[in-house]
Amino acid sequence: MQQAKNIYLDHAATTPLCQEAFEKMSPYFCDCFGNADSPHGVGRKAMLAVDNARDKIAEILHANPKEIYFTSGGTEADNWALVGGALAQKGKRVIVSAVEHHAVLSAADKLRDMGVKVDVLPVNNGGRVEISALESMMDADVGLVCVMMANNETGVLQPTKEIATLCKKYGALCFADGVQAAPYLDIDVKELGVDMLSLSAHKFYGPKGIGALYIKSGVKIEKFVSGGEQERGMRGGTVNVPAVVGFATALELTAKERAERQAHLSALRTAFLEGLADLDGVTKNGEEGLPAVLNLRFDGVDNDSLLYAMDLKGVAMAAGSACASASVKPSHVLTAMGLSEQEAKNSVRISFGKDNTEEDVRTAARVLKEEVEKQRGL
Ligand code: PLP
């Protein structure tokens with residue numbers, strides 16, 4: 001059997017830095033190295049770059065620049081929103097969906113350790129939160145609700161606007177993890193009505209280790225990272241200027257090319273599924289969502305041996321969240337959707353990117369089909 005060239009189908013885990021971001025970042029490593037909070041010219045030059053980046057990001061999200069706070073990534077933004085939001089709500093009850101990323105679920109555990117009551121909102125078999133289920137859990141004692149916009153393992157989209165409306169009705173804060181949605185959806189925070197939204201640049205061809213939390217003006221949350229007075233006194237730590245510049249550049253390009261990228265991703269998905277069409281015992285997990293993410297279950301095949309074999313053949317795919325991939329536990333997202341542990345272990349995530357070609361995905365589908373048949377002993 002022919003070995004595939006290296007084909008990367010794990011864009012939900014991370015994406016390569018785009019050339020445009022790399023070039024815009026370069027001067028800020030050595031030439032314009034200033035500390036953005038230094039009051040001299042060298043510092044002011046760095047701060048100018050940070051301000052410009054903040055303005056660009058805010059404009060794309062339809063936010064005010066003063067509502068954007070840079071963080072070290074999606075995980076920190078999620079931790080901050082959850083812990084900072086709950087503390088500001090003086091220990092009121094918190095609701096998180098069952099399919100959140102570990103960045104949220106671990107912060108929820110921390111809140112429980114701190115004595116805050118955290119309830120888990122279930123999802124239906126398609127992976128979606130039911131508004132009626134959320135409403136049945138709401139009362140005046142709920143301080144914060146957290147439901148992600150798009151799921152990182154299945155690509156399933158949540159009804160963020162309806163959730164935000166419900167939160168408003170009960171006086172609770174609404175936080176949406178927008179990390180997986182931002183690469184693909186045109187996010188308008190005002191239209192959605194959320195109080196907080198997290199982002200991470202490396203999911204849309206920006207650098208790793210940089211993210212942001214949108215906090216709607218007037219919303220009070222506790223500081224999470226203590227230190228200096230950076231980020232208007234809300235997040236201590238020297239600002240990572242090159243990363244901030246790369247973040248804004250990558251997001252700007254993503255917004256500009258969104259329609260074209262979406263069409264390309266849909267074509268890739270169709271081509272990939274066509275390549276598997278005559279393979280029996282394949283089920284798609286989750287309802288239709290982002291075109292970039294496919295979660296497929298192959299009866300009779302364990303994902304760890306399948307992923308290992310695919311990797312040897314040059315095709316990178318995943319079992320779920322990259323942060324959880326070292327663990328042997330079945331995916332909490334899939335089991336929350338009603339799959340058995342075995343079914344979850346039969347499932348893999350394939351996530352396409354802008355630089356994949358139709359030829360790449362047809363090759364990957366052919367290799368995958370051959371490998372599934374081999375592992376089934378056919
Ligand atoms: N939230 C979601 C939905 C994610 O998919 C991820 C990363 O996989 C994160 C949060 C964490 O982001 P980061 O890798 O920037 O810490």
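Asks: Explain the domain arrangement of the protein chain to me, and be specific about the residues and the numbers.
Replies: Split into domains, the protein chain comes out as domain 1 (7-16 + 258-375) and domain 2 (19-253). Between domain 1 and domain 2, the C-alpha centre-to-centre distance is 27 Å. Contacts between domain 1 and domain 2 engage 35 residues on the former and 33 residues on the latter. Between domain 1 and domain 2 the total buried area reaches about 2,900 Å² when both faces are included, carbon and sulfur atoms providing 52% of it. Of all residues in domain 1, R258, E287 and L290 give up the largest surface area on contact with domain 2, accounting jointly for 24% of the area buried on that side. Our count for the domain 1 to domain 2 interface comes out at one salt bridge. Two residues, E287 and R128, come together in a salt bridge whose shortest N-O distance is 3.9 Å. Going through the elements one at a time, α10 (258-275), β10 (293-298) and α12 (332-336) are the ones with two or more residues in the side of domain 1 that touches domain 2. Its residues assigned to classes, the side of domain 1 that touches domain 2 comprises 15 nonpolar, 14 polar and six charged.

Asks: Help me get a handle on unusual backbone geometry, residues and values and all.
Replies: Even without glycine at this site, Y205 takes up a positive phi of about 70°. Along the chain, the position of Y205 falls in the loop between β7 (196-200) and β8 (211-215). Not every positive phi belongs to a glycine, and E231 is a case in point at roughly 50°.

Asks: So what's going on with helix α2 (residues 41-61)? Which residues, and what values?
Replies: Here α2 contains 21 residues, and its C-alpha end-to-end distance of 30 Å stays within 8% of the 30 Å for a straight helix at 1.5 Å per residue. Residues of α2 that are buried: G43, A46, A49, V50, A53, R54, I57, A58, I60 and L61. Viewed along the axis of α2, the buried residues span an arc of 165°, placing them on a single side of the element. Seen from the buried face of α2, the exposed residues on the opposite side, beyond 90 degrees, are R44, K45 and E59. Looking at the buried residues of α2, the elements they touch are β2 (68-71), α7 (189-192), β7, α8 (230-233) and α9 (241-256). Once α2 finishes, H62 follows within two positions and takes phi at roughly 65°, a positive value.

Asks: Describe the packing of α10 against helix α14 (residues 358-375), and please don't skip the residues or the numbers.
Replies: The interhelical angle for the contact between α10 and α14, taken along N-to-C directions, is 30°, at an axis separation of 8 Å. Judged on the interaxial angle alone, α14 and α10 are roughly parallel. Of the two possible hands of crossing, α10 and α14 adopt the one that is right-handed. Between α10, through A267, L268, A271, F272, E274 and G275, and α14, the contact on the second element is made entirely by E358, V361, R362, A364, A365, L368 and K369.

Thresholds, definitions, all that
- Residues numbered from 1 in each chain as written.
- Predicted model: local features only at pLDDT ≥ 70, side-chain atom pairs only at ≥ 80, totals over all residues.
- Heavy atoms only, no water.
- Domains from an automatic or database assignment.
- Contact = heavy atoms within 4.5 Å.
- Buried area = accessible area lost by both parts, 1.4 Å probe.
- Salt bridge = Lys/Arg side-chain N within 4 Å of Asp/Glu carboxyl O.
- Helix = DSSP H or I, 4+ residues; strand = E, 2+ residues; numbered from the N terminus.
- Nonpolar A, V, L, I, M, F, W, Y, C, P; charged D, E, K, R; others polar.
- Expected span 1.5 Å × (residues − 1).
- Buried < 20%, exposed > 50% of the residue type's maximum accessible area, 1.4 Å probe, protein only.
- Arc of directions from axis to C-beta.
- Axes fitted to C-alpha atoms, helices over the stretch in contact; angles between N-to-C directions.
- Parallel < 35°, antiparallel > 145°, perpendicular 65-115°, else oblique.
- Left-handed = near helix turned anticlockwise from the far one by under 90°.

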